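# Reading the structure
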Amino acid sequence: MKILFAASEAAPFVKVGGLGDVMGSLPAELCKKGIDARVILPLYSAIKPEMRDKLEYITNINVGNSWRNSYCGIFKAEVKGVTYYFIDNEQYFHREKVYGSMDDGEIFTFFSRAVLEVLPVIDFIPDVINANDWHTAMVPVYLNAFYRDREEYRNIKTVLSIHNIEFQGKFNPYVLGELFGLDVCHKSLMMYDGDINVLKAGIESADIVSTVSRQYAEEILHPEHSFGLYHILNARREKLRGIVNGIDTDVFNPATDKAIKTKYDIKRLQNKRFNKSDLRKQMALSDSEDIPLIGMVTRLTSQKGLDLFYPILGELSKLPAQFIILGTGSEEYENLVRGWEASCHEKVRGVVMFSSEMASKIYAGADIFLMPSKSEPCGLSQLIAMRYGTIPVVHTVGGLKDTVMPYNPETKEGWGVTFQSYDSYDFLDAVKRAIGLYYDKENRKAIRKNAMSRDVSWDNASEEYIAMYKELVKGDN
């Protein structure tokens with residue numbers, strides 16, 4: 001079976017968020033299981049030089065859409081047994097940032113057409129194209145509109161994976177022809193709530209719509225989590241699936257992580273404390289085993305739960321614990337983190353930057369990990385924290401609910417601390433309960449071992465993807 005992932009990012013070439021992690025690990029796991037899984041990406045100038053040096057030029061073609069006829073270079077590289085293809089066009093991809101340009105619509109419209117145009121050129125006609133988020137949601141739209149009458153495209157099935165439904169690709173309805181190259185007969189497909197909505201069109205056009213957790217697949221059927229698309233999703237709910245993400249357990253491995261001071265695993269869990277001491281030294285915090293260290297690696301936005309901190313900062317500051325928060329985001333929450341450190345410097349550090357090395361140090365050195373997200377399609381940080389034996393405190397939403405079972409001190413089952421309602425004081429109560437577990441040495445040891453025993457790899461998730469693809473391909477026979 002041949003699968004082509006069309007995506008706007010993939011580690012290790014370029015990564016902005018969780019999609020990049022998924023595209024850097026899921027295809028490799030599928031290949032290990034005998035699936036010919038490949039990935040196609042834009043050739044961004046942001047790709048690091050050492051990765052660009054790995055690219056092999058194939059050829060170039062022209063890609064037409066509406067009045068435009070644009071150059072399309074084609075490159076490839078192989079990483080972890082996966083073939084990655086790259087679409088080159090300096091007008092669209094030679095820029096400092098991956099997302100957020102004024103012409104994002106034109107950029108990803110070109111890329112979506114290019115994905116389909118290059119298939120005969122690269123001699124790879126997949127059984128399934130798996131598009132990801134709105135940036136490639138036009139692939140199933142264009143496949144149905146322009147390519148179904150060609151023999152090599154006739155049996156291709158499509159999946160659209162939604163990693164975050166908040167971002168939908170909305171545009172002025174007057175650009176239907178000029179930007180998207182579609183006739184007025186496609187207007188009803190492309191329109192929703194007065195705008196062209198690319199994600200909505202992809203949902204209607206794809207054979208299956210998948211999300212990155214079972215809970216999130218349920219949540220987006222309701223108004224509070226769907227950002228307006230619940231009517232469309234409920235009408236198409238028979239093709240909606242939810243598959244929980246995994247993580248690359250070779251990359252996120254405390255037994256081999258080069259960024260941390262002392263390597264450890266579930267059999268050498270006592271070595272975790274050396275990473276805690278090293279992190280505290282680096283952060284100029286007092287070092288005492290009697291005080292838990294609480295970490296947070298996050299985007300500093302309200303979606304990640306930063307607004308919950310405002311009413312309880314004073315009470316958090318009084319807790320017998322230290323805090324380290326790493327991340328960047330909106331100016332408001334960056335200032336919140338800096339201000340908290342300034343007012344409580346003896347126990348709080350706000351590191352307003354992003355560093356993979358520092359993130360590893362926090363996962364390995366912290367005792368407790370905070371993830372109070374307002375919404376979370378899947379979340380990877382809680383999985384990484386569990387891998388490192390760091391206890392997640394999470395709001396029971398989306399993938400957090402699917403992946404974190406609350407710990408029961410009586411039965412010694414579970415591996416995290418949860419809170420149900422999105423409320424500052426419920427969050428505070430969860431933090432206090434986590435600190436209480438830390439001070440109970442028997443429960444601290446049990447919950448850490450439970451967390452590290454969880455299978456957070458792509459093994460099970462990849463089997464679910466394979467089953468989904470087989471369901472599609474089999475249905476065509």
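Just above, that's the structure.
Residues numbered from 1 in each chain as written. Predicted model: local features only at pLDDT ≥ 70, side-chain atom pairs only at ≥ 80, totals over all residues. Heavy atoms only, no water.

### Re the layout of surface pockets
Volume-wise, the second largest pocket comes out at about 300 Å³. Taken together, 16 residues line the second largest pocket, and the ones lying closest to its centre are V244, N245, T403, D455 and N460. Put simply, the parts of the chain that give the lining of the second largest pocket at least two residues each are α16 (381-387), α17 (398-403) and α20 (459-475). (1 Å grid on protein atoms, 1.4 Å probe; cavity = no way out; pocket = protein on both sides within 12 Å on 5 of 7 lines; lining within 4 Å. Points joined across faces, edges and corners; volume = space filled by probe spheres on them. Helix = DSSP H or I, 4+ residues; strand = E, 2+ residues; numbered from the N terminus.)

### Describing unusual backbone geometry
Omega for the bond connecting A11 with P12 falls within 30 degrees of zero, at 5°, which places this linkage in the cis form. Notably, S66 is not glycine yet its phi reads approximately 55°, a positive angle. Of note, S66 is situated in the loop between β3 (56-65) and β4 (68-79). Residue classification places S66 among the partly exposed residues on the basis of a relative accessible area of 39%. The phi torsion at K80 lies on the positive side, around 55°, for a residue other than glycine. When you line up the elements, K80 lands in the loop between β4 and β5 (82-88). (Buried < 20%, exposed > 50% of the residue type's maximum accessible area, 1.4 Å probe, protein only.)

### Let's talk about the sheet that holds strand β7 (residues 157-162)
Pairing in this open sheet of nine strands is mixed, and the strands run β3-β4-β5-β2-β1-β6-β7-β11-β12 from one edge to the other. Both outer strands of the open sheet, β3 and β12 (240-242), are each paired with one neighbouring strand and no more. The mean inter-strand angle of the sheet, taken between neighbouring strand axes irrespective of direction, is 25°. Of the strand pairs in this sheet, strand β6 (residues 128-132) and β7 are connected by five bridges, and their pairing is parallel. If you follow V128 over to β7, its bridge partner there is K157. Packing of helix α8 (residues 198-205) onto the sheet brings it into contact with β7 and β11 (208-211), and relative to β7 it is tilted by some 140°. (Pairing = 2+ DSSP bridges. Axes fitted to C-alpha atoms, helices over the stretch in contact; angles between N-to-C directions. Contact = heavy atoms within 4.5 Å.)

### Side note on the packing of aromatic side chains
Applying the stated criterion to the full structure yields 24 aromatic pairs. Ring centres 5.3 Å apart and planes at 65° place the aromatic pair Y57 and F75 in the edge-to-face group. One end of the pair, Y57, is in strand β3; the other, F75, is in strand β4, and 18 residues separate them in sequence. Between F93 and F110, the aromatic rings sit 6.1 Å apart at their centres with planes inclined by 45°, giving tilted as the arrangement. With a gap of 17 residues between them, F93 in helix α3 (residues 90-93) and F110 in helix α4 (residues 104-117) connect regions that are remote in the sequence. By the burial criterion, F93 is buried, and F110 matches it. A network of ring pairs unites the aromatic residues Y44, Y92, F93, F110 and F111 as a single cluster. The ring of Y438 has R444 sitting right over it, with the charged end atom 4.3 Å from the ring centre. (Phe/Tyr/Trp six-rings, centres within 6.5 Å; stacked < 30°, edge-to-face > 60°. Lys NZ or Arg CZ within 6 Å of the ring centre and 35° of its normal.)

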